Amino acid sequence: MRTPKDTQTEGTSMEVKIGIQHAPRELVVDTEDDAAAVEKQFTEAVAGDGVLALTDTKGRRVIVPANRISYVEIGTGSTGHVGFRS
């Protein structure tokens, strides 16, 4: 059974942009994690010289070595889009 809270968060995703050293373009991941969770994962990855691993909205895993990350930009949540995105 769905609660009102479930229907509010359904279809919401967070856009995370990751700049990677020596890569010409940034990596963009749409994830269902909230900003605090992404920030915590990034902080732990950098502190432990590990990897930042995120799961996108389609269930794919994106894994980036923490020592190659230039920056992480955590966007605001966005509701499901229809049509073209820019």
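See above for the structure.
Nothing here was measured: the structure is a model prediction, and the numbers come from that model.

Enquirer: Just give me the short version of the nonpolar core, but keep the residues and values in it.
Expert: Note that soluble globular proteins tend to have their nonpolar side chains buried in a common cluster. Judged by nonpolar contacts, Met14, Val16, Ile18, Val29, Val38, Ala45, Leu52, Leu54, Val62, Val64, Ala66 and Ile69 together constitute the single largest core of 12 residues. Counting residues per element, the ones that place at least two in this core are β1 (12-20), α2 (35-47), β3 (51-55) and β4 (61-65). Here this core takes 3 residues from β1, the largest share from any one element. Look past the residues within four positions of Val38 in its chain and what remains in contact with it is Val16, Thr31, Asp33, Leu54 and Ile74.

Enquirer: Just give me the short version of α2, but keep the residues and values in it.
Expert: Taking 1.5 Å per residue, 13 residues should reach 18 Å; α2 reaches 18 Å between its end C-alpha atoms and fits that length. One or two residues past the end of α2 sits Asp49, with phi positive at roughly 50°.

Enquirer: Describe the pairing of β3, naming the residues involved and giving the relevant values.
Expert: Across 5 bridges, β3 lies against β4 in antiparallel orientation. Considered in β4, the bridge of Leu52 is made with Val64.

Enquirer: Give a description of the side chain of Thr31 that names residues and reports values.
Expert: Secondary-structure assignment places Thr31 in strand β2 (residues 27-31). A distance of 2.8 Å separates a polar side-chain atom of Thr31 from the backbone oxygen of Thr55. Setting aside anything within four residues of it in sequence, one finds Thr31 in contact with Ser13, Met14, Val16, Val38, Thr55, Asp56 and Thr57.

Enquirer: Can you lay out unusual backbone geometry for me, pointing to particular residues and giving the numbers?
Expert: Of note, the phi angle at His22 is positive, near 65°, even though the residue is not glycine. Here His22 shows up in the loop between β1 and β2. Classification of His22 by relative accessible area gives exposed; the value is 79%. A positive phi is found at Asp49, a non-glycine position, where the angle reads about 50°. Asp49 sits in the exposed class, given a relative accessible area of 56%.

Enquirer: Describe the environment of Val62, and please don't skip the residues or the numbers.
Expert: One can find Val62 in strand β4. Through-space distance from the C-alpha of Val62 to that of Leu27 is 9.4 Å; in sequence the pair is 35 residues apart. Once residues within four sequence positions are removed from consideration, Val62 is found in contact with Leu27, Val29, Leu52, Ala53 and Leu54.

What counts and how
Residues numbered from 1 in each chain as written. Predicted model: local features only at pLDDT ≥ 70, side-chain atom pairs only at ≥ 80, totals over all residues. Heavy atoms only, no water. Core = buried A, V, L, I, M, F, W, Y, C linked by side-chain atoms within 4.5 Å. Buried < 20%, exposed > 50% of the residue type's maximum accessible area, 1.4 Å probe, protein only. Helix = DSSP H or I, 4+ residues; strand = E, 2+ residues; numbered from the N terminus. Contact = heavy atoms within 4.5 Å. Expected span 1.5 Å × (residues − 1). Pairing = 2+ DSSP bridges. Polar contact = N/O pair within 3.5 Å; in protein donor to acceptor, adjacent residues only side chain to side chain.

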